[in-house]
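Tertiary structure, described
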Amino acid sequence: MKSTTVLDLIWLVPALPALGAVILLPLGKRIGEPRAGWLATALMFASFLVSIVMAVAFAGLPAGAEHRHTVAIFDWFASGGLRVSMGFLADPISITWILFVTGIATLIHLYSIGYMHGDPRFSRFFAYLNLFVASMLVLVLGSSFLVTFLGWEGVGLCSYLLISFWFERNSAAVAGKKAFVTTRVGDFGFMLAMFLVFAHLGTLDYGAVSEGVGRLAGGTATAIALLIFLGAVGKSAQLPLHFWLPDAMEGPTPVSALIHAATMVTAGIFIVARAHPIFEASQVSQDVVMWVGAITALTAATVALVQNDIKRVLAYSTVSQLGYMFLALGVGAYGAAIGLVVAHAFFKAALFLGSGTVIHGTEENQDIRTMGGLRRYLPLTGLGFTIAWLAIAGLPPFAGFWAKDEVLAKAFFHHDYAVWAIGLVSALLTAFYMTRETLLVWFGNERFRAAAEAGDDHGAAHGDGHHELSTESPTVAYGTPPAAPSLTHDPHEGSGTMVAPVLVLAALAVVGGVLLLPFHGLEVLSRFLEPAFEGVAPIEATSFWLGFGLSVVAVAIAIVGVLVARSMYRNGLEDPADDPIDRRLGGLGRVFGNAYYVDVMLGRLVGGPLRRAADWIATAFDQGVVDGAVNGVARGIGGIGGGLRRLQSGLVRQYALLVLGGAVALLVYVAVRSL
């Protein structure tokens, strides 16, 4: 069978998880637990297998053929000069994305079967999970901006449904709304960008836009690029729209893993890479992308230093790592950015799923200050988490080292030395805060033991899944005193469906570096992606030894971060309320711990002057001016109608009198004119 014929079936990739949602939404309760979970997982795995077939077919395209294949499913709509086809595009970028999205999502689905055990809305959770992944796949496979935007809005909706899945908890309901509203700000920018693209190029098709970029004026290209980037900033949680992502931890942990590793937050990276011809036409927009990424990477890393919630550390870590990816996109190192996306998917999914197992095994405890020594009780999860920690810390030979080192080297050889220095400092902080979390959770003294022996009973877990839902948020805000754990038994390992995905992801964090090797002839991923960025000037190392020296510096920085954290936390904490990093940072620690008070300032702004302005618009302006004008016109017309209605009395004598009066007036008028 010809490769093009096989690629015509690429629509199956999003269709299979979408089918799962279609089945489970109306029939999930009848299918029941765990069959609903296994059905969703099987369809997700089938999508992964189809993605592999598509990748093989794409690689089998004949030499010299165009490295893109568009499949038109049906004509979506036509309006004036705008004609949109529901089409999917197979090219190196979309193939890369569907492979890791479906692969990681399959493992997260499998994990969720154990984690969500006993949840009263078990089947609905898997329906939403399937729909979330299907939307992401539509996003990355879309052949035009508008098809991508369809998936873009789909992941926004699903993120709301999943973050606030436990809506009985007010913090979860608020977090879902916060994510939904914040990302809408970016979506507005994306919409304006599409309007400009169509106004100036008459099309939204990616291929036609790439060919027509040269016709755009410099200012127009900059405006379009910055508006697209605004959409990316919202979805990928970059400054100043980053504050929704840490609160998204209120959702079930598999949702956190899916958002951070495979779906929503990588959408911003994807759209900038997909629209790279527009960014290449505007140096200003590239500089903005680079600096926003660099500043976000550093800022989020400082915040992560002092977080005490096991998932919030990882959340701010994601914001920081996404900053690295945008940094790479800004310097034109698109292959390096995508390489970090793939590597990050491996180790961040392992870290989040590992943290979920910790929460499950310690009866909903999320405070790393009150853990310690858990490797004795959760040995397999601890092994996977530790490997993922080494990968994100940037130590060789793990995938994180090759990915992050490539980003930093590209920044240096692009002569953006200040950005390179910021990246190094961020790497140092990353190694520190991830080592701090790993040591406080898995090593050192067992700080949960004293409270457990004191007899604080808080309820029992049910089996190997999710615990009885509390209406209180388990999230640990900075400054909250460490709560005494209320374990009724020793911490315990998760079920097989929870442990296996963590170990597989940890293994990928080790061997995944093979895809990212920068040595001549071994650049698997960069060579695969090369046709998608053939018009981009490559960033070449000026010498082998300089490149080697930069790698040595990057490794040394990571080792310093690990050793400094180890010197502070190797024995755990004598007193959970006395954290060494808090003592050393002092007042600065409060600033970092409260994320520079951005949430506080936004809350006061929205709840204060913006709320008053909205109230004034709703009452004084809307009701007084807008409604007043509309109602005034209506009353005027009504008055005129009321007056005219009196003329329509139905009395013949009145009509005869009016006719006579009109005739007399006409005669008078004629007589006056004749004088």
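This is a predicted model, so every value here is computed, not measured. (Residues numbered from 1 in each chain as written. Predicted model: local features only at pLDDT ≥ 70, side-chain atom pairs only at ≥ 80, totals over all residues. Heavy atoms only, no water.)

Structural notes on the overall build of the protein chain
Across its full length, the protein chain holds 27 helices and two strands. Here the protein chain, with 675 residues, has 55% of them falling under the buried criterion. Considering only residue pairs separated by 6 or more positions, the protein chain has 83% of its internal contacts joining residues 24 or more positions apart. With the model as given, the accessible surface of the protein chain reaches about 27500 Å², and the carbon-plus-sulfur share is 67%. Computed over 40 positive and 45 negative side-chain charges, the separation of the two mean positions in the protein chain equals 9 Å. (Helix = DSSP H or I, 4+ residues; strand = E, 2+ residues; numbered from the N terminus. Buried < 20%, exposed > 50% of the residue type's maximum accessible area, 1.4 Å probe, protein only. Contact = heavy atoms within 4.5 Å. Areas by Shrake-Rupley, 256 points an atom, 1.4 Å probe, with all protein chains shown as cover. Lys, Arg positive; Asp, Glu negative; His and termini not counted. Charge placed at Lys NZ, Arg CZ, Asp CG, Glu CD.)

Regarding the pairing of strand E2 (residues 82-90)
Within a regular beta strand, the side chains point alternately toward one face of the sheet and then the other, so they alternate between its two faces. By the criterion of burial, E2 is predominantly enclosed, with seven of the nine residues buried. Alignment of strand E1 (residues 69-79) against E2, held across nine bridges, turns out to be antiparallel. Directly across from aspartate 75, in E2, lies its bridge partner serine 85. Connecting the antiparallel pair E1 and E2 is a turn made up of two residues, with glycine 80 showing a positive phi of about 60 degrees. (Pairing = 2+ DSSP bridges.)

Some details on the packing of helix H15 (residues 310-330) against helix H16 (residues 334-361)
Helix-helix packing is described using two parameters, namely the angle between the two axes and the distance between the axes. It is the contact of H15 with H16, at a shortest axis distance of 9 Å, that shows an interaxial angle of 175 degrees. Between H15 and H16, the angle is such that the two are roughly antiparallel. On H16, the residues touching Ile310, Lys311, Leu314, Ala315, Ser317, Thr318, Gln321, Tyr324, Met325, Ala328 and Leu329 of H15 are Tyr334, Ala337, Leu340, Val341, His344, Lys348, Leu351, Phe352, Ser355, Val358 and Ile359. Broken down by class, the residue content of the contact of H15 with H16 amounts to 15 nonpolar, five polar and two charged. (Axes fitted to C-alpha atoms, helices over the stretch in contact; angles between N-to-C directions. Parallel < 35°, antiparallel > 145°, perpendicular 65-115°, else oblique. Nonpolar A, V, L, I, M, F, W, Y, C, P; charged D, E, K, R; others polar.)

Some details on the confidence of the model for the protein chain
When pLDDT is averaged along the protein chain, the result is 90, and 95% of the positions lie at 70 or above. Throughout residues 454-468 the model reports pLDDT below 50, and contacts reaching past four residues in sequence, or to other chains, amount to 42 contacts. (pLDDT = per-residue confidence, 0-100.)

Focus: unusual backbone geometry
Residues glutamate 33 and proline 34 are joined by a peptide bond in cis, for which omega reads 0 degrees. Mapped onto the elements of the fold, proline 34 is located in the loop between helix H2 (12-31) and helix H3 (35-59). Cis geometry marks the peptide bond from leucine 239 to proline 240; its omega dihedral reads 5 degrees. Structurally, proline 240 is set in the loop between helix H9 (218-235) and helix H10 (244-247). One non-glycine residue, alanine 237, adopts positive backbone phi at about 55 degrees.

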